[in-house]
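Descriptive structure summary
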Amino acid sequence: MTPAEPDRPVYRLLPEVHRSRDAELGHPLRSLLEVVEEELLRLREDIDGLYDNWFVETCAAWVLPYLADLLGPGDPTGDPGGTVPRRALVAHTLAHRRRKGTPGALQEAARDITGRPVRVVEYFPLLGTTQNVNHPRPGDVRTPDLRDTARLALIGTPFDRTSRTVDVRHADRRSGYTDRRRGRHNIGVVGLHLWRLTAHPCTGVDARAVDAAAGRWTFDPAGRDLPLFSRPRSAAPPVDETDVPAPLRRLRLHQELTALRTGSPSGLLDGPDPLLTVTLPDGPVEPARLICADLTGWDRPPAPSDGAAPQIAVDPALGRLTLPPGTAPDRVRVAYSYGSPGDLGAGPYDRRATLTTALAAAGTPWPDAPDWRIAVRRDPAGSGDPSAPSSVPTVTTLAAAVTAWNERPDPRPGQVGVIAVQDSATYDEDLTGPRRILIPPGNRLIVLAAGGRPAALGAFGLRPHLTGTIEAAAPGGQAAQPSQLVLDGLSVEGRITVAPGNLDSLVVSGCTLAGDRAATLPDGGLITAEDNPRLAVRLARTVCAGVRLSDVPTLDLADSIVGPRADGLALDAQSADAGIEASTVLGRTTARTLTVSDSILRDRAEVVWRQQGYLRFSYAPPDSRVPRRYRCQPADDTAARRVAPAFDALDPAAPGFGRLAARCPAEIAEGAENGEEMGAYRFLRQPGRLADLAGRLDDHLRFGLEAGVFLAD
């Protein structure tokens, strides 16, 4: 294809006779007018930009504070590049003012400020009062109906409709950090309930066979008990528990399945986007064939009789499913949603920005088009993106892709390769020994989850799972360009290890490493490397059980969670200069030098060279042997008895893994340099969101109303 003709607005206005004569002379006139046209194009772009900046939907980010200032005092003028969605807040300010004091306006304003699902509850109708016989309220009963189990299960949640006696205390706008029930039920009180968890939908996932002969499977491909989540499927305000990112209750799923069997429609399981699906080798299982059960004891559904289709038991609380006797497929695929505090670790979210940042940290620009590429799909027939180029070969195993990379003809320094895993299947294989990844001198390889074109970096919607070990080696000498290996978007049930050699860079971005369910794999969930004198190990948005380095000079962590392990040692890098930025280390730390910012070192840290490095705005136990501290916690021995990190969960399978608990001291929950929380979830900026919401509620409340902010999860 020929390149597009450049825009020459002035030259095109000349008569053809002058342009023909100019061409005969070698285009001297066109060269002269190019200077004028360049300035004209700049003026045109400036005018177009000025027009776009008149509107909040199209204006540049730097214009938002000025537009907000025109709306009057109290309107958002903060950092437009922060996590708070300033553009939506500014655009909707006038609409919120017109509807000031209404639940709908409060709900939309809170959602614009925090970016999280919000449910507004007016508590006056829920007060138990003496009724007037002329105006009875049949739904307002003083005592709950003990036979209504569905309503009783919602007690204490934002969807609770049970009457209460009056609570005369004020509704504290920061009550989510202290008492979640304080001051709710009172006259004139409005509660804003926020969900901080995010539901990540996964499709085409291979269920894990815990015991295939006994019909025992888990939705989680790693075989863990993982609660299934409901997820918002529209931007409408939440009116039901299935409209928010929350665990799916057994009773609610049972009600939906019962409605299906009686011929009633189900908003959860019908339609093009059902909440969960089960697919056997002979095809998808109809939702009416599913039954909800408590599978704590792995009870199986009864065997089908009279030629009826077999039923499948599902437990959403444990993420388990069982098959009836006589049904033993070799593969079961599922679709479901799981919960997590944010986009951290392997997941079906968009990883393009985080991967770009991780690659930039390596110091060498990556080209837009690789020299070598291959796609991996467990089911190549009828899957994948039809837009993918036909010239890209496709294999069904990671081992085959690695072998193709290792045995490619004419390897030379400077080559860049891409292995793109284009589904969310499980790959049960070890990339070790003769199948390990080889990085020749000056070569770079990226293995990532990406749909469509393998050259695309950080695609979303995929979460492939590998049960086994990934081993990399860089034999040979040193080239002018660095040798690098990048892993992105992979869930690894095993470990990643770098054999002795000459690898320059290992980048692990958006990955999750965990030990196997039976705990039979040694060093499961670890990242290990030894005898690589130039190696720099970089982790970004990654969850792993630990890092062990020997004769490796550099380790960098950013927005990551490391640990916990049974032996308590999370970072073992006595030969490395370790840099930790906004990360959570759930175990002991050893390093040669240490620089830490906005991070949590939960257990003791020991540094060999304490004259170098620093700790800034971070937490480390008082008995740690670390470099000089600057505005760290605890501040002294007296504060050490009170100030310590508290987490919602330390189980990697729990939805709140690594998230600071509501009872966590403010010195840690708001102790980062920018006033946000320390640790891996600093990028969410949740304290700033909640403080911003509490400070702006008065702008959206009419006189006499009082609002409280409550954390729903």
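This section reports on the structure supplied with the text.

Rules and cut-offs
Residues numbered from 1 in each chain as written. Predicted model: local features only at pLDDT ≥ 70, side-chain atom pairs only at ≥ 80, totals over all residues. Heavy atoms only, no water. Helix = DSSP H or I, 4+ residues; strand = E, 2+ residues; numbered from the N terminus. Buried < 20%, exposed > 50% of the residue type's maximum accessible area, 1.4 Å probe, protein only. Contact = heavy atoms within 4.5 Å. Areas by Shrake-Rupley, 256 points an atom, 1.4 Å probe, with all protein chains shown as cover. Disulfide = S-S within 2.5 Å. Pairing = 2+ DSSP bridges. Core = buried A, V, L, I, M, F, W, Y, C linked by side-chain atoms within 4.5 Å. Axes fitted to C-alpha atoms, helices over the stretch in contact; angles between N-to-C directions. Arc of directions from axis to C-beta. Patch = residues over 30% accessible without salt bridge, like charges linked within 9 Å, V, L, I, M, F, W, Y side chains within 5 Å. Salt bridge = Lys/Arg side-chain N within 4 Å of Asp/Glu carboxyl O.

Points about the overall build of the chain
Helix and strand counts for the chain come out as 13 helices and 38 strands. Taken along its principal axes, the extent of the C-alpha atoms in the chain is 100 × 70 × 65 Å. A buried classification covers 51% of the 713 residues belonging to the chain. Within the chain, counting contacts between residues at least 6 apart in sequence, those at least 24 apart form 58% of the total. Counting only carbon and sulfur atoms, one obtains 53% of the accessible surface of the chain, whose full area is about 32,200 Å².

Details of the state of the cysteines
This model, assessed by the stated rule, comprises zero disulfides. Unpaired in this structure, Cys 664 has its nearest cysteine sulfur neighbour in Cys 632, at a distance of 15 Å.

Comments concerning the sheet that holds strand 6 (residues 277–280)
Read across the open sheet, the four strands follow the order 3-11-6-7; overall the sheet is antiparallel. Among the strands making up the open sheet, the edge pair consists of strand 3 (198–206) and strand 7 (283–284). Inspection of the sheet shows strand 6 paired to strand 11 (residues 333–340) by three bridges, in the antiparallel sense. Counterpart to Val 278 in the pairing with strand 11 is Val 334.

Notes on the nonpolar core
Ile 419, Leu 506, Ile 527 and Leu 555 are the most contacted members of the largest nonpolar core, which totals 62 residues. Sort the elements by how many residues they give to this core and strand 31 (residues 569–581) lands first, with six residues. For Leu 555, the contacting residues outside a window of four places in its chain are Val 537, Val 547, Leu 549, Leu 571, Ala 573, Ala 576, Asp 577, Ala 578 and Gly 579. Listed in part, the 29 residues of the second largest apolar core include Val 205, Leu 268, Leu 321 and Tyr 336.

Observations regarding the sheet that holds strand 2 (residues 189–194)
Reading across the sheet, the three strands line up as 1-2-38 and stay open at both edges, with mixed pairing between neighbours. The open sheet terminates on both sides in strands that have one partner only, identified here as strand 1 (118–122) and strand 38 (706–711). Looking at each pair of strands side by side, their axes are set apart by 25 degrees on average, direction ignored. When strand 2 meets strand 38, the two strands line up parallel, connected through six bridges. Residue Val 189 lies in a different strand from strand 38, and its bridge partner there is Glu 706. In the packing of helix 6 (residues 103–114) onto the sheet, contacts are made with strand 1 and strand 2, and the angle to strand 1 comes to roughly 150 degrees.

Here's the deal with the side chain of Ser 509
By the element assignment, Ser 509 lies in strand 23 (residues 505–509). If sequence neighbours within four positions are ignored, Ser 509 has contacts with Thr 354, Leu 355, Ala 358, Leu 487, Asp 488, Gly 489, Ala 540 and Thr 542.

Things to note about the pairing of strand 25 (residues 526–530)
Of all five residues in strand 25, four are buried; the element is thus mostly enclosed. In this structure, strand 22 (residues 496–498) lies alongside strand 25, joined through three bridges in parallel fashion. The partner of Ile 496 across the bridge, within strand 25, is Ile 527.

A word on helix 10 (residues 398–406)
All buried positions along helix 10 are accounted for by Leu 398, Ala 399, Ala 401, Val 402 and Trp 405. Projected down its long axis, helix 10 shows its buried positions confined to an angular sector of 160 degrees, all on one face.

Comments concerning a nonpolar patch on the surface
Taken together, Leu 40, Leu 43 and Ile 47 make up a surface patch of nonpolar side chains, about 250 Å² in accessible area. What makes Leu 43 partly exposed here is its relative accessible area of 47%.

Remember, this is a structural readout, not a statement about activity or role.
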